[in-house]
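Spelled out, the chains give:
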Amino acid sequence: MRIELDGLTFDYGSGNPVLDGITLDMAEPQVISILGPNGVGKSTLIHCINKILKPTGGTVMVDGIGVDGYTLKEMARKVGYVPYSSSDTFPLTVFDTVLLGRHPHAGWRTSDEDLETVADVLDRLGIQDLAMRYFDELSAGQRQRVMLARGLVQKPRVIMLDEPTSNLDIRHQLGISRTLKELSRTDGIMVIMISHDLNIAARYSDHVVLMHEGRVFSVGTPEEVLTEDNIREVYGVESRVIDVDGHPYVILRDDDADSSGDLSVEPVCNR
């Protein structure tokens with residue numbers, strides 16, 4: 001599976017491009033984190049890949065074919081999408097909520113394969129006990145796993161997630177991140193996730209795309225991208241980057257709040 005972006009631009013009509021000449025080549029099963037401050041075009045980027053938005057310039061190729069060559073249903077079979085938050089406010093059971101993700105493969109009626117696929121994914125994510133619970137009664141962590149399940153039952157080759165660990169406690173952040181890493185390895189899925197937490201990205205990503213002002217500022221391994229100079233340039237903050245268990249770990253520095261200049265040990269998170 002390969003996603004190729006060449007000179008991708010997007011403008012909402014203001015005259016100022018949100019994306020300005022993005023060129024990326026993403027291939028092979030791996031976890032890719034897209035990082036950058038608010039407003040740099042991270043969500044717009046993944047929406048251009050999955051046909052939610054139509055680019056104003058450049059090309060988006062999925063498996064060697066421009067996205068214009070796919071119907072929305074064909075695209076959904078290849079690329080799953082888990083949004084930042086669900087707009088589902090009506091009472092559906094977890095099973096039925098996840099079953100909606102089978103739409104790209106569904107015929108006129110629900111098949112035994114559809115039901116088996118949903119049951120298998122619920123079991124794999126450890127939420128089979130929630131199957132008959134109503135989605136709007138779940139906690140934030142449970143909802144996030146259900147939305148991930150709905151994306152996975154599409155059986156996509158790529159799954160894109162918009163801040164999958166937002167609003168979760170630390171245990172659930174690690175659990176979701178670990179699950180995504182395992183899916184990449186065991187199922188050969190390319191995972192592309194937007195994140196505001198540099199340390200989650202550093203720990204679980206194979207590659208990182210750091211965006212700044214609508215462009216790709218740096219791309220590479222977490223060790224190559226998450227440097228003190230890059231963080232200073234993109235986020236406008238001072239930091240110290242240390243090695244923890246073979247992964248970079250970012251420690252924020254806030255001299256204005258602490259006149260001693262000591263380093264804070266809080267992880268970087270813009271939300």
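Look up a bit, the structure's there.
Because the structure is predicted, anything quoted here is derived from the model rather than measured.

**Q** Lay out the sheet that holds strand β4 (residues 57–62) in plain terms, naming residues and giving numbers.
**A** Spatially, the four strands line up as an open sheet ordered β2-β1-β4-β5, and their pairing is antiparallel. In the strand order of this sheet, the two ends are held by β2 (19–27) and β5 (65–66), each with one partner. When β4 meets β5, the two strands line up antiparallel, connected through two bridges. Within β5, the residue paired with M61 across the bridge is G66. Most of the contacts of helix α1 (residues 42–49) go to strand β1 (residues 2–10), to which it runs at about 120°, and overall it touches β1, β2 and β4.

**Q** Residue-level account of the nonpolar core, with values.
**A** V98, L122, L152, I159 and L161 are the most contacted members of the largest nonpolar core, which totals 30 residues. Aside from chain neighbours lying at most four places away, what touches L161 is V82, L148, L180, V191, I192, M193 and I194. If you look at the next biggest cluster of nonpolar residues, it comprises 29 residues, including L8, L45, V67 and I192.

**Q** Go over helix α9 (residues 228–235), please, and point to the residues and values.
**A** Each α-helix winds once per 3.6 residues, and so residues spaced three or four apart point in a common direction. Taken as a whole, α9 has its buried residues at N230, I231, V234 and Y235. In a view along the axis of α9, the buried residues occupy a sector of 100°, so they form one face of it. Just downstream of α9, G236 is the residue with a positive phi angle, here 70°.

**Q** Break down a negative patch on the surface for me, citing the residues and quoting the values.
**A** A cluster of acidic residues, D112, E113, E116, D120 and D123, forms a negative patch at the surface. Among the structural elements, D120 can be located in helix α4 (residues 112–124). The class for D120 is exposed, based on a relative accessible area of 53%.

**Q** Tell me about helix α5 (residues 140–152), and name the residues and values.
**A** Here α5 contains 13 residues, and its C-alpha end-to-end distance of 18 Å stays within 8% of the 18 Å for a straight helix at 1.5 Å per residue. Among the 13 residues in α5, 10 count as buried, and that is most of the element. Every buried residue belonging to α5 is among G141, Q144, R145, V146, M147, L148, A149, R150, G151 and L152, and all of these are buried. Where α5 is buried, its residues meet β6 (79–82), α3 (94–99), α4, β7 (158–162) and α6 (170–187).

**Q** A description of the packing of α5 against α6 should follow, citing residues and the corresponding values.
**A** The N-to-C vectors of α5 and α6 enclose an angle of 15°; their axes lie 10 Å apart at closest approach. Considering their axes alone, α5 and α6 lie roughly parallel with respect to each other. Relative to α6, α5 is oriented so that their crossing is right-handed. For the pair formed by α5 and α6, the contact residues are G141, Q144, R145, L148 and L152 on the first element and H172, G175, I176, T179, L180 and L183 on the second. Residue composition of the contact of α5 with α6, grouped by class: five nonpolar, five polar and one charged.

**Q** Residues and numbers for the environment of G13, please.
**A** Here G13 is to be found in the loop between β1 and β2. For the pair G13 and G188, spaced 175 residues apart in the sequence, the C-alpha separation amounts to 38 Å.

**Q** Before we move on, can you summarise the pattern of salt bridges with the specific residues and values?
**A** The final tally for this structure, using the stated rule, is 10 salt bridges. In this structure, R215 and D20 form a salt bridge, with 2.9 Å as the shortest nitrogen-oxygen distance. Note that R215 is positioned in strand β10 (residues 215–220) and D20 in strand β2, a separation of 195 residues in sequence. The exposure class of D20 is partly exposed, given its relative accessible area of 27%. A salt bridge links K181 to D206; its shortest N-O distance comes to 2.8 Å. Taken as a pair, K181 in helix α6 and D206 in the loop between α7 (198–204) and β9 (207–212) lie far apart in primary sequence, 25 residues in all.

**Q** Explain the packing of aromatic side chains to me, and be specific about the residues and the numbers.
**A** In this structure the tally under the stated criterion is one aromatic pair. Residues F10 and Y12 carry aromatic rings whose centres are separated by 4.6 Å and whose planes lie at 80° to one another, so their mutual orientation is edge-to-face. It is R203 that lies over the ring of Y204; its NZ or CZ is 5.1 Å from the centre.

**Q** Residue-level account of the sheet that holds strand β8 (residues 190–194), with values.
**A** Spatially, β6-β7-β8-β3-β9-β10 is the arrangement adopted by the six strands of the open sheet, whose pairing is mixed. Edge positions in the sheet fall to β6 and β10, since each has one partner strand and no second. Adjacent strand axes in the sheet meet at a mean angle of 15°, parallel and antiparallel pairs treated alike. Two elements, strand β3 (residues 31–35) and β9, share four bridges in a ladder whose sense is parallel. Opposite L35, over in β9, you have L210 as the bridge partner. Sitting on the sheet, α5 touches β6 and β7, and the angle it makes with β7 is about 150°. On top of the sheet, α9 reaches β3, β9 and β10; it is set at about 35° to β9, its chief contact.

The rules behind these values
Residues numbered from 1 in each chain as written. Predicted model: local features only at pLDDT ≥ 70, side-chain atom pairs only at ≥ 80, totals over all residues. Heavy atoms only, no water. Pairing = 2+ DSSP bridges. Helix = DSSP H or I, 4+ residues; strand = E, 2+ residues; numbered from the N terminus. Contact = heavy atoms within 4.5 Å. Axes fitted to C-alpha atoms, helices over the stretch in contact; angles between N-to-C directions. Core = buried A, V, L, I, M, F, W, Y, C linked by side-chain atoms within 4.5 Å. Buried < 20%, exposed > 50% of the residue type's maximum accessible area, 1.4 Å probe, protein only. Arc of directions from axis to C-beta. Patch = residues over 30% accessible without salt bridge, like charges linked within 9 Å, V, L, I, M, F, W, Y side chains within 5 Å. Areas by Shrake-Rupley, 256 points an atom, 1.4 Å probe, with all protein chains shown as cover. Salt bridge = Lys/Arg side-chain N within 4 Å of Asp/Glu carboxyl O. Lys, Arg positive; Asp, Glu negative; His and termini not counted. Charge placed at Lys NZ, Arg CZ, Asp CG, Glu CD. Expected span 1.5 Å × (residues − 1). Parallel < 35°, antiparallel > 145°, perpendicular 65-115°, else oblique. Left-handed = near helix turned anticlockwise from the far one by under 90°. Nonpolar A, V, L, I, M, F, W, Y, C, P; charged D, E, K, R; others polar. Phe/Tyr/Trp six-rings, centres within 6.5 Å; stacked < 30°, edge-to-face > 60°. Lys NZ or Arg CZ within 6 Å of the ring centre and 35° of its normal.

Remember, this is a structural readout, not a statement about activity or role.
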